[in-house]
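# Tertiary structure, described
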Amino acid sequence: MIFGNLDIQIIILLIPALVFSLSFHEFAHAWMAYRLGDDTAARLGRLTLNPMAHLDPVGSIALLLMGFGWAKPVPVDSRFLNNPRDDMVKVAAAGPMSNLLLAVLSAISLRMLLSNGFLSPEIKTFLIIFMQINITLAVFNLLPISPLDGSQILTPFIEKHFGGHMVYKMEMYGPRVLFFVIIFSKQISNIESLENKDEDEHKKDEDKTDDENIDHKNKLNCNSSTKIWHSTNPSNQVKTHN
């Protein structure tokens, strides 16, 4: 599970940050589409920040169990857009840009609270987690792999220079490529976690060895001091008689 190695305090902060970031991402898609002429998402109740309108049950369970998940995609009908080709790019870009906006706002809040001395450890942890989540969502969704937003952003360019058949192939094979990218990234993450765990255990062993050496030296010093005191104490010196 994704939360298996995390402290309960981090989990409590992580869940609302992740839920809001995903909801804001999908809301940004719906808002941009509505602004450009398509009210499909609005009519289906997706023009809202309510997480229940955006979270996908299967995607949420997959996130908890496997470390990756998804929200319900926002429906967009390009026929109602003012300029379908260019506007689809704007709608696709709205999601990652919204996450970058949240990350910037989080960083600014962190800096302002830190400079004013109003930053508690809990708020600091939450803002850092919130910023990391949104940066990760933005970068991940900008990958040019279908069905991610990055592929939609590049579709006009690819269609113009490589033809519609290339777009079709990207849509067909993109989910498979994305699946392998996620699995590969997860394996790399697991390897790094194991390496960090080994380093921590090695460091603990070294610290334990250092503590044992210090205790041993202290005992030697204590014994030496006792011997010196014993040899110089007049009451312990042997008296000679003429």
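Summary of the structure given here. (Residues numbered from 1 in each chain as written. Predicted model: local features only at pLDDT ≥ 70, side-chain atom pairs only at ≥ 80, totals over all residues. Heavy atoms only, no water.)

Tallying secondary structure elements over the protein gives 7 helices and 0 strands in all. Across the 242 residues in the protein, those meeting the buried criterion constitute 29%. Relative to all contacts within the protein whose residues are 6 or more apart in sequence, the contacts with residues 24 or more apart total 65%. On the protein, roughly 16500 Å² of surface is accessible, and the fraction owed to carbon and sulfur atoms is 63%. (Helix = DSSP H or I, 4+ residues; strand = E, 2+ residues; numbered from the N terminus. Buried < 20%, exposed > 50% of the residue type's maximum accessible area, 1.4 Å probe, protein only. Contact = heavy atoms within 4.5 Å. Areas by Shrake-Rupley, 256 points an atom, 1.4 Å probe, with all protein chains shown as cover.)

Here we take up the layout of surface pockets. Each pocket or cavity is described by its volume, and for the second largest pocket that value is around 170 Å³. In this structure, the second largest pocket is lined by 11 residues; those nearest its centre are L18, V19, S60, L63 and L64. Secondary-structure elements contributing two or more residues to the lining of the second largest pocket are helix 1 (8-35) and helix 3 (57-66). The class makeup of the residues in the lining of the second largest pocket is 9 nonpolar, 2 polar and no charged. (1 Å grid on protein atoms, 1.4 Å probe; cavity = no way out; pocket = protein on both sides within 12 Å on 5 of 7 lines; lining within 4 Å. Points joined across faces, edges and corners; volume = space filled by probe spheres on them. Nonpolar A, V, L, I, M, F, W, Y, C, P; charged D, E, K, R; others polar.)

Looking now at the environment of P84. With respect to the element layout, P84 can be found in helix 4 (residues 84-116). A residue is classified by how much of its surface remains accessible, and P84, at 36% relative accessible area, is partly exposed. In sequence terms P84 and G37 are 47 residues apart; their C-alpha atoms lie 9.8 Å from each other.

Moving on, we come to the pattern of salt bridges. Using the criterion set out here, one finds 4 salt bridges in the structure. The shortest N-O distance in the salt bridge between D77 and R79 comes to 2.7 Å. D77 sits in the buried class, given a relative accessible area of 17%. R79 gets classed as exposed once you look at its relative accessible area, which sits at 67%. (Salt bridge = Lys/Arg side-chain N within 4 Å of Asp/Glu carboxyl O.)

Glancing now at the packing of helix 4 against helix 6 (residues 149-162). Two numbers describe how helix 4 lies on helix 6: the axes approach to 7 Å, and their chain directions differ by 155 degrees. The orientation of helix 4 relative to helix 6 falls into the category roughly antiparallel. Note on packing geometry: the crossing formed by helix 4 with helix 6 is left-handed. Touching R85, M88, V89, A92, A93, G95 and P96 of helix 4 are D149, Q152, I153, P156 and E159, all from helix 6. Of the residues in the contact of helix 4 with helix 6, the class split is 7 nonpolar, 2 polar and 3 charged. (Axes fitted to C-alpha atoms, helices over the stretch in contact; angles between N-to-C directions. Parallel < 35°, antiparallel > 145°, perpendicular 65-115°, else oblique. Left-handed = near helix turned anticlockwise from the far one by under 90°.)

Before going further, it helps to examine the packing of helix 4 against helix 5 (residues 121-141). Packing of helix 4 against helix 5 leaves a shortest axis separation of 8 Å and a crossing angle of 155 degrees. The angle between helix 4 and helix 5 places the two elements in the roughly antiparallel class. Read as a crossing pair, helix 4 and helix 5 show a hand that is left-handed. Residues P96, N99, L100, L102, A103, S106, A107, S109, L110 and L113 of helix 4 touch helix 5, and the partners they reach there are I123, K124, L127, I128, F130, M131, N134, I135, L137, A138 and N141. By residue class, the composition of the contact of helix 4 with helix 5 is 15 nonpolar, 5 polar and 1 charged.

Below, the discussion takes up the nonpolar core. L13, L14, A17, L18, L22, F24, L63, L102, I129, F130, I133 and L137 together form the largest nonpolar core, which totals 12 residues. Residue assignment for this core shows that the elements contributing at least two residues are helix 1 and helix 5. In terms of residue count, the dominant contributor to this core is helix 1 (6 residues). Excluding residues that lie within four positions of it along the chain, L22 makes contacts with L55 and L137. (Core = buried A, V, L, I, M, F, W, Y, C linked by side-chain atoms within 4.5 Å.)

Time to look at the packing of aromatic side chains. Taken as a whole and assessed by the stated rule, the structure comprises 5 aromatic pairs. With centroids separated by 5.8 Å and ring planes inclined at 15 degrees, the aromatic side chains of F126 and F130 adopt a geometry described as stacked. A residue pair is termed a helical-turn pair when its members lie 3 or 4 positions apart in one helix, as F126 and F130 do in helix 5 at 4 residues. When its relative accessible area of 29% is taken as the criterion, F126 is described as partly exposed. A connected cluster of aromatic rings, assembled from ring pairs, spans F20, F24, F27, F126 and F130. (Phe/Tyr/Trp six-rings, centres within 6.5 Å; stacked < 30°, edge-to-face > 60°.)

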